[in-house]
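# Fold and contact review
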Amino acid sequence: MDQMFLTTGLFGACLLQYILPKRYRVYVLLFASVLFFICVSPPALIYVTGVTAVSYVAGRALEKRRSKWIVGAVTAAMVILFIGIKYSIFWCGTSLIIPMGLSYYSLMVIGYLMEVYRGTVPAERDFARYALFVSFFPQVVAGPIGRYKELRRQYEEGPSFDLTEIRAGAVMVLVGFFQKMVLADNLLVLVRGICEGEFVGISVIFAMLLYSLVIYFDFGGYSLIAIGGAKMLGVRLMDNFNAPYRAVSIQEFWRRWHISLSSWFRDYVYIPFGGSRNGERRRDANTMLVFILSGAWHGSLAGYLLWGGIHGCYLVAGKRTKAFRDRLFARARQKERFAWLQRTAVYVLVSVAWVPFFAGKLWKTRDLFLRMFAFCPWTMTDGSLMELGLNGPMMVVCALGTIFMFAIDHYNQKADFYRSIAKDHAWIRYGFCILMFCAIILAGAYGTQYYATEFIYGQF
């Protein structure tokens, strides 16, 4: 539902705002954002309006008097609201419906108030501009988590018209839908079929390696849609992914994965708690705190906490062994020869951590790990995988699509692929867009067998 309204609202707002004078464009985007909430989740509009009003008043108060009590009170209120809804099952006996975007705009307004308190940005006086910052509809469902100091000037000057950026944004939107509907949703059918069936051994290991791709294409696809849609509307959002599976260490992985969330926890939790300034033990404790909080941010299931704890342990172990590994590579002399081995190791470690994230509950996590160690190699060759809803041709499409997406990631390390396509010859640009559109129509995960799923990170 939100995918359809997001796309419709995107093109409608893009068409309308460039017809009107520049000074009205912020109001067009704000109106489109309010309309998006009304159409997709009316109750969420009440929450985002209340959060916007309270944090706007708090920001103005901080400008007059920098008081940690104001920041603390609003932050505590946001955290209590967040925990009260997300962890309602523990005191209500049932899970309340989480308002759309609550996790994201909660972090955005806390970050905004922290920056105003620190004096790095002035408090916003124009309520419409501030409301747009909190509720901008391309990013409200699943980020990226915006920083006010990066968006303030854009909203003050009004979104600008740049044809190349609009073209690049349109290409990003198409590639995002390709990642979501052709790759993530199709591969998820295979992953669920294996994990929810009676498969054991190497097939379960294969499924969890695939799940690493599923969640990347799902969340990376949404980020492309959000960032590309914002480009089409004249707003530049921060990148949220930078080829995370090219990382040669877990620390580098977190500099590339969900950049807006990991940088938020770094700036507003890790560093304020002392970071690495007070010795190794305090650094390790702060690292574990950040990742446990990150797991708790994702949800109330124990699997999310375990996922965060595993990554925290990875980071602590990586920092503790860094000197040894540096000496080892210094002896090897040619570290680049080991890059693919390191990337493979990172991919496997990240895939192991995704197991509790996928399972959610501890007993399901335990069950999946036990099934992995059962010896049953023939399930990969006896044809049983073909009975799970993904036939041979579709598997080939997913394999080629995955290779293509990784090729784009590789290209983006040197240049901006989407801007290059936007500036290239018209026949290349339109040919690429037609190819993406046809792939989505012909191979997208919808039809009589199953329907396109919601974005995984939309539920957080």
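Parameters and conventions
Residues numbered from 1 in each chain as written. Predicted model: local features only at pLDDT ≥ 70, side-chain atom pairs only at ≥ 80, totals over all residues. Heavy atoms only, no water. Helix = DSSP H or I, 4+ residues; strand = E, 2+ residues; numbered from the N terminus. Contact = heavy atoms within 4.5 Å. Areas by Shrake-Rupley, 256 points an atom, 1.4 Å probe, with all protein chains shown as cover. Axes fitted to C-alpha atoms, helices over the stretch in contact; angles between N-to-C directions. Parallel < 35°, antiparallel > 145°, perpendicular 65-115°, else oblique. Left-handed = near helix turned anticlockwise from the far one by under 90°. Nonpolar A, V, L, I, M, F, W, Y, C, P; charged D, E, K, R; others polar. Salt bridge = Lys/Arg side-chain N within 4 Å of Asp/Glu carboxyl O. Buried < 20%, exposed > 50% of the residue type's maximum accessible area, 1.4 Å probe, protein only. pLDDT = per-residue confidence, 0-100. Phe/Tyr/Trp six-rings, centres within 6.5 Å; stacked < 30°, edge-to-face > 60°. Lys NZ or Arg CZ within 6 Å of the ring centre and 35° of its normal. Core = buried A, V, L, I, M, F, W, Y, C linked by side-chain atoms within 4.5 Å.

## Examining the overall build of the protein chain
Along the protein chain, the regular secondary structure elements total 21 helices and 0 strands. Here the analysis covers contacts within the protein chain between residues at least 6 apart in sequence; of these, 75% occur between residues at least 24 apart. Carbon and sulfur atoms provide 65% of the accessible area of the protein chain, an area that totals close to 21,800 Å².

## Considerations on the packing of helix α3 (residues 42-64) against helix α4 (residues 68-86)
The geometry of α3 relative to α4 is characterised by a closest axis approach of 9 Å and an angle of 165° between their N-to-C directions. Classified by the angle between their axes, α3 and α4 sit roughly antiparallel to one another. In terms of crossing hand, the pair formed by α3 and α4 is left-handed. Residues Y47, V51, V54, A58, A61 and L62 of α3 touch α4, and the partners they reach there are I70, V71, V74, M78, L81 and I85. Considered class by class, the residues forming the contact of α3 with α4 number 12 nonpolar, no polar and no charged.

## Some thoughts on the pattern of salt bridges
Counting across every chain of the model gives 16 salt bridges. E280 serves as the salt-bridge partner of R320, at 2.6 Å between the closest nitrogen and oxygen. With R320 in helix α15 (residues 302-320) and E280 in helix α14 (residues 280-298), the pair connects residues that are 40 residues apart, well separated along the chain. Ionic pairing is found between D367 and R371, a salt bridge with its closest N-O pair at 3.4 Å. Here D367 pairs with R371, and both are found in helix α18 (residues 362-372), just 4 residues apart, close to one helical turn. Take D367: its relative accessible area is 33%, and that puts it in the partly exposed class. When its relative accessible area of 11% is taken as the criterion, R371 is described as buried. The network of salt bridges with common partners includes E280, R283, D284 and R320.

## Re unusual backbone geometry
Residue A243 is not a glycine yet carries a positive backbone phi of 45°. With respect to the element layout, A243 can be found in the loop between α11 (202-232) and α12 (250-256). Even without glycine at this site, H258 takes up a positive phi of about 40°. Within the secondary structure, H258 is located in the loop between α12 and α13 (259-270).

## Here's the deal with the confidence of the model for the protein chain
Within the protein chain, residue pLDDT values average 82, and 87% of them lie at 70 or more. Per-element confidence in the protein chain ranges from a low mean pLDDT of 62 for helix α5 (residues 89-92) to a high of 91 for α12. Scored below 50 in pLDDT, residues 447-452 shows 11 contacts in the model against residues more than four places distant or in partner chains.

## Thoughts on the packing of aromatic side chains
As enumerated under the stated definition, the model contains 38 aromatic pairs in all. A cation over an aromatic ring shows up here: R343 above the ring of W340, its NZ or CZ 4.9 Å from the ring centre. Over the ring of Y430 we find R429; its NZ or CZ atom is 5.2 Å from the centre of that ring.

## Quick look at the environment of A13
In this structure, A13 sits in helix α1 (residues 2-17). Separated by 17 residues in the primary sequence, A13 and L30 have C-alpha atoms spaced 9.8 Å apart. Discounting residues that sit within four places of it in the chain, A13 has contacts with V28, A32, F137 and L233.

## Some details on the nonpolar core
Within the largest apolar cluster, 135 residues are counted, with the highest numbers of intra-cluster contacts made by F133, F136, Y211, W257, W354 and Y418. Broken down by element, this core gets its largest block of residues, 19 residues, from helix α10 (residues 163-195). For F136, the contacting residues outside a window of four places in its chain are L29, S33, Y155, A230, L233, V235 and L237.

## A short note on the environment of G312
Tracing the sequence through the fold places G312 in helix α15. Residues G312 and A285, 27 residues apart in the sequence, show an inter-C-alpha distance of 9.2 Å. The contact partners of G312, leaving out residues within four places of it in the chain, are T287, M288 and F291.

## Focus on helix α7 (residues 127-135)
Burial of α7 is extensive: 7 of the 9 residues sit out of reach of the surface. If you check which residues of α7 are buried, you get A128, Y130, A131, L132, F133, V134 and S135. Each element contacted by the buried residues of α7 is listed here: α2 (25-40), α3, α6 (102-118), α8 (137-140) and α9 (148-157).

## Points about the environment of P356
Tracing the backbone shows P356 in helix α17 (residues 339-359). On the accessibility criterion, P356 (0% relative accessible area) is buried. Along the backbone, P356 and G303 are 53 residues apart, and their C-alpha atoms lie at a distance of 4.5 Å. Contacts of P356, omitting those with residues within four sequence positions, involve G303, L306, W307, I310 and T365.

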